[in-house]
Amino acid sequence: MSGGKFNINSLFLIGKKRREFRRPEFLRIQTKSKLEMHEKRMISPYINTPFAAEVSSPSGSQEGFPFEVQVIAEDLNVPWAMDISQDGRIYFTERPGTLRMIQNGVLYPEPIMTFQAPFISEGEGGLLGIVLDPDFLENHFIYVMHSYSEDNQIYNRVVRLIEQNNRAFIDQVLIDRIPGGLVHNGGRIKIGPDGKLYISTGDAGNTSFPQNLSSTAGKILRIELDGRIPADNPYPGSPVYSYGLRNPQGLAWDSANNVMYASDHGSEARDEINLIIPGGNYGWPLVTGDEESNELIVQKPLVNTGTETWAPSGIAYLDQGPWQNRLLVATLRGQKLMSILLSEDGTAVQGIEPWLQREYGRLRDVIQADDGSIYISTSNRDGRGGVPRPEDDRIIRLIPRT
């Protein structure tokens with residue numbers, strides 16, 4: 001893959017030409033004292049509250065915004081991830097532990113499922129990613145990732161649910177004992193164009209995990225939909241697909257070009273959007289941004305924000321509509337929707353535009369529906385963004401203007 005250096009007002013540093021990945025025979029890890037220099041951050045809790053709907057144009061958005069805005073649900077409790085069924089129902093997780101559903105623009109009044117112990121929601125942990133099975137209308141399978149407690153330790157796991165008559169229950173644990181904590185749980189799960197389940201995991205505040213191939217933390221994992229390890233994974237018998245990540249919260253694909261993207265939170269800015277390759281090492285904590293290393297073969301980021309902090313979360317590749325061939329990035333600290341124009345082959349950046357700046361606060365997830373609409377969710381009740389607005393949190397639909 002190849003990319004190009006790109007600069008917008010000296011804020012966005014785009015990765016140079018990628019180096020071919022070679023599986024290292026061994027990994028040279030920094031000394032413990034240097035690893036301990038990376039700070040561990042903790043956050044505070046969230047709140048509870050119900051719904052409403054309206055169509056408008058964002059008051060503070062720039063001229064030329066090619067979408068109308070519809071708020072389809074509000075008073076939500078930290079909506080973390082969304083997916084849409086083939087019949088148009090929107091399923092979403094709330095981090096404190098509820099799975100919810102919107103049908104025909106109306107929020108279903110009761111949770112589809114409320115998670116119980118050993119489920120735990122503390123700090124950045126809780127009910128995180130969600131994805132529906134490609135055959136959801138037939139088998140009713142829903143995959144979610146959540147935090148749980150075992151022997152006074154916090155872990156994350158991915159489970160398969162079965163939904164019946166707007167209620168769901170756990171059918172199978174697919175992968176568990178992923179190191180978790182009060183920070184850096186990753187949490188995004190998606191089904192790739194190859195039909196495999198991809199899972200982003202954070203370093204859980206322990207910088208020794210991401211470069212350790214025996215750990216499932218600080219990685220992108222890849223498993224079959226029944227939990228088996230794919231035979232063509234880069235490390236035989238291991239769910240690890242790529243490694244060296246800090247807190248990746250977004251996964252997306254340009255299916256036409258077979259390009260995979262992931263967002264990752266950097267340390268003190270230096271957030272990244274990466275092109276993901278099998279077995280790729282993305283450097284954390286030994287190499288960040290566009291740094292060079294004589295000891296590691298690392299994949300440089302497609303986008304490195306330098307001194308600018310985005311705190312990128314969910315991402316979506318758009319294959320239709322006015323922003324076709326763009327990658328959208330929901331940002332938390334940045335409080336804006338970043339639109340990244342990509343090259344024809346999807347491996348280089350041609351432009352970056354910020355939209356909805358501080359219009360809705362912290363943005364957690366973004367997805368595209370089959371009709372070209374874009375859905376974004378806010379994350380203003382997660383304890384990190386000051387005082388939530390009365391209508392927070394919300395799920396918002398962007399409808400392409402005709």
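Structure: above.
Rules and cut-offs
Residues numbered from 1 in each chain as written. Predicted model: local features only at pLDDT ≥ 70, side-chain atom pairs only at ≥ 80, totals over all residues. Heavy atoms only, no water. Pairing = 2+ DSSP bridges. Helix = DSSP H or I, 4+ residues; strand = E, 2+ residues; numbered from the N terminus. Salt bridge = Lys/Arg side-chain N within 4 Å of Asp/Glu carboxyl O. Buried < 20%, exposed > 50% of the residue type's maximum accessible area, 1.4 Å probe, protein only. Contact = heavy atoms within 4.5 Å.

Participant: Would you explain the sheet that holds strand β19 (residues 303-304) in this entry?
Facilitator: In a beta sheet, neighbouring strands pair by backbone hydrogen bonds and run either parallel or antiparallel. Overall, antiparallel pairing links the four strands, which are arranged β16-β17-β18-β19 in an open sheet. Strands with a single pairing partner mark the edges of an open sheet, and in this sheet they are β16 (248-254) and β19. Sheet topology places strand β18 (residues 272-276) next to β19; two bridges connect them, and they run antiparallel. The partner of Ile273 across the bridge, within β19, is Val303.

Participant: What is the right way to look at the pattern of salt bridges in this model?
Facilitator: Proximity of charged atoms lets side chains of opposite charge pair with each other. Enumeration over the complete set of coordinates arrives at 20 salt bridges. Note that Arg394 and Glu391 form a salt bridge whose closest N and O atoms lie 3.5 Å from each other. The class for Arg394 is buried, based on a relative accessible area of 7%. For Glu391, a relative accessible area of 23% translates into the label partly exposed. Through salt bridges that share partners, Asp194, Arg222 and Asp232 make up one connected network.

Participant: Please explain the environment of Ile112 as it appears in this structure.
Facilitator: With respect to the helices, strands and loops of the structure, Ile112 is situated in the loop between β6 (106-107) and β7 (113-114). Among the residues examined, Ile112 registers a relative accessible area of 1% and is labelled buried. The sequence separation of Ile112 and Leu99 amounts to 13 residues, and the corresponding C-alpha distance is 5.4 Å. Contacts of Ile112, omitting those with residues within four sequence positions, involve Tyr91, Leu99, Arg100, Met101, Glu163, Asn166, Arg167 and Ala168.

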